Amino acid sequence: MAGILFIISAPSGAGKSTLVNQLRSLVSGLEFSVSWTTRGPRGSEQDSREYHFTTREHFEEMIRNGEFLEYADVFGNYYGTARCNLREAFSQGRDLLLDIDVQGASQVRAKMPDSVSIFLMPPSPDVLATRLRNRSRAEGAVQEEIIERRLAKARQEIENYREYGYILVNDVLDRAVEEMAAIVAAERIWHGSDPGAGGADRERVLRIAESCRQANSEARVRPVLQAFGVPVPSLKG
Ligand code: 5GP
């Protein structure tokens, strides 16, 4: 049976890398897809660990050769997922997690409608701005212009949340990690790939995953949308 393709998207600074790293230590059989990018390494990033870093010329050659499942221009740099990542993970019986932006996620959903997509929201613009500033400070200097650009981009990305199957709000990291792990376990149960997933916690895991479905998360998402100035849908019944 083919593995499950999980997609996670979040505005830059929403805490996705921390969440994904914790998830990897909790969940077995889940491969993390290392993307290609034309941006330079940041901080302690290493080639082929966080990303395969490359030149625009090489990236464009890979596009021409049809090597990408999806690719997008994010903040002026190319980012893309190589098709071979998918083949390798699935041939080894593993599930694959893509950490990609909203443009890439929409390309993957169109090609692979069975994929499971998760959108991680920061709790508010203030929290996001603080995280972005702290990260910039740790990496050198804070450039307010870049912070502003990323906040504006975050708002745009949040507008696309309805395209995702599940929504997480990263106000308490441990909770977001638990919810993400529950989504992976629940999807494995539903796909029949690991009917024993969740073990003794099976019912709890299914309940948590269900509560994170986009259709069930309106009440939690509403204050976040309001804080970002994104139009809020009217609450059902
Ligand atoms: P960063 O430069 O902060 O690591 O990533 C910037 C954005 O690019 C993030 O939203 C991240 O999810 C996205 N990204 C990383 N890899 C890929 C990829 O392979 N494809 C697409 N479409 N976006 C990616």
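For the structure, check the block above.
Residues numbered from 1 in each chain as written. Predicted model: local features only at pLDDT ≥ 70, side-chain atom pairs only at ≥ 80, totals over all residues. Heavy atoms only, no water.

Enquirer: So what's going on with the pairing of strand 7 (residues 95-99)? Residues and values would help.
Expert: In regular strands, side chains alternate between the two faces of the sheet. Within strand 7, five of the five residues are buried, leaving the element largely enclosed by the surrounding structure. Residues of strand 7 alternate between two faces, with Asp 95, Leu 97 and Asp 99 on one and Leu 96 and Leu 98 on the opposite face, all of them buried. The sheet contact formed by strand 1 (residues 5-9) and strand 7 spans four bridges and is parallel. Counterpart to Leu 5 in the pairing with strand 7 is Leu 96. (Buried < 20%, exposed > 50% of the residue type's maximum accessible area, 1.4 Å probe, protein only. Helix = DSSP H or I, 4+ residues; strand = E, 2+ residues; numbered from the N terminus. Pairing = 2+ DSSP bridges.)

Enquirer: Now, about unusual backbone geometry: what can you tell me, with residues and values included?
Expert: The backbone of Ser 48 shows a phi angle near 75°, a positive value even though the residue is not glycine. The topology assignment puts Ser 48 in the loop between strand 3 (35-37) and strand 4 (51-53). The phi angle at Phe 75 is positive, at roughly 50°, despite the residue not being glycine. Checked against the element boundaries, Phe 75 lands in the loop between strand 5 (68-74) and strand 6 (77-82). By relative accessible area, Phe 75 is classed as partly exposed at 23%.

Enquirer: Could you give an account of helix 4 (residues 102-111), with specific residues and numbers?
Expert: Taken residue by residue, helix 4 has Val 102, Gly 104, Ala 105, Val 108 and Arg 109 as its buried positions. Buried positions in helix 4, seen along its axis, are confined to an arc of 155° and lie on one side of it. In this structure, the buried side of helix 4 is in contact with strand 1, strand 5, strand 7, strand 8 (116-121) and helix 6 (144-158). (Arc of directions from axis to C-beta. Contact = heavy atoms within 4.5 Å.)

Enquirer: Break down the pattern of salt bridges for me, citing the residues and quoting the values.
Expert: Counted by the stated rule, this structure contains 16 salt bridges. Three or more residues joined by partner-sharing salt bridges are found here, namely Asp 171, Arg 175, Glu 179 and Arg 220. (Salt bridge = Lys/Arg side-chain N within 4 Å of Asp/Glu carboxyl O.)

Enquirer: Would you mind going over the nonpolar core in detail, with residue names and values included?
Expert: Core analysis: the largest hydrophobic core is formed by 34 residues, its most contacted members being Phe 6, Leu 97, Met 180 and Ile 183. Considering each element in turn, this core owes the most residues, 10 residues, to helix 7 (residues 173-191). Leaving out residues up to four positions away in the same chain, Leu 97 has contacts with Phe 6, Ile 7, Ile 8, Val 20, Leu 23, Leu 30, Glu 31, Phe 32, Ser 33 and Met 180. One finds Leu 69, Ala 89, Leu 151 and Phe 228 within the second-largest nonpolar core, a separate group that totals 30 residues. (Core = buried A, V, L, I, M, F, W, Y, C linked by side-chain atoms within 4.5 Å.)

Enquirer: Could you give an account of the site of the ligand, with specific residues and numbers?
Expert: Within the structure, the ligand sits among 16 residues, and Lys 16, Ser 35, Arg 39, Tyr 51 and Tyr 79 are positioned closest to it. In this structure, Tyr 79 approaches the ligand through a side-chain N or O atom, which is 2.5 Å from an oxygen atom. In the complex, the protein chains occlude 95% of the 510 Å² of accessible area that the ligand would expose alone. If you list the elements that add at least two residues to the shell around the ligand, you get strand 5 and strand 6. Looking at the shell around the ligand residue by residue, the classes come out as six nonpolar, four polar and six charged. (Near = heavy atom within 4 Å. Polar contact = N/O pair within 3.5 Å; in protein donor to acceptor, adjacent residues only side chain to side chain. Areas by Shrake-Rupley, 256 points an atom, 1.4 Å probe, with all protein chains shown as cover. Nonpolar A, V, L, I, M, F, W, Y, C, P; charged D, E, K, R; others polar.)

Enquirer: So what's going on with the sheet that holds strand 5? Residues and values would help.
Expert: The mixed open sheet is built from four strands, whose spatial order is 4-3-6-5. Edge positions in the sheet fall to strand 4 and strand 5, since each has one partner strand and no second. Taking each pair of neighbouring strands and ignoring which way they run, the sheet shows an average axis angle of 25°. Direction of pairing for strand 3 relative to strand 4: parallel, over a ladder of three bridges. Residue pairing in the sheet places Thr 37 in a bridge with Phe 53 of strand 4. Lying on the sheet, helix 2 (residues 56-64) is in contact with strand 3, strand 5 and strand 6; it crosses strand 6 at an angle near 45°. (Axes fitted to C-alpha atoms, helices over the stretch in contact; angles between N-to-C directions.)

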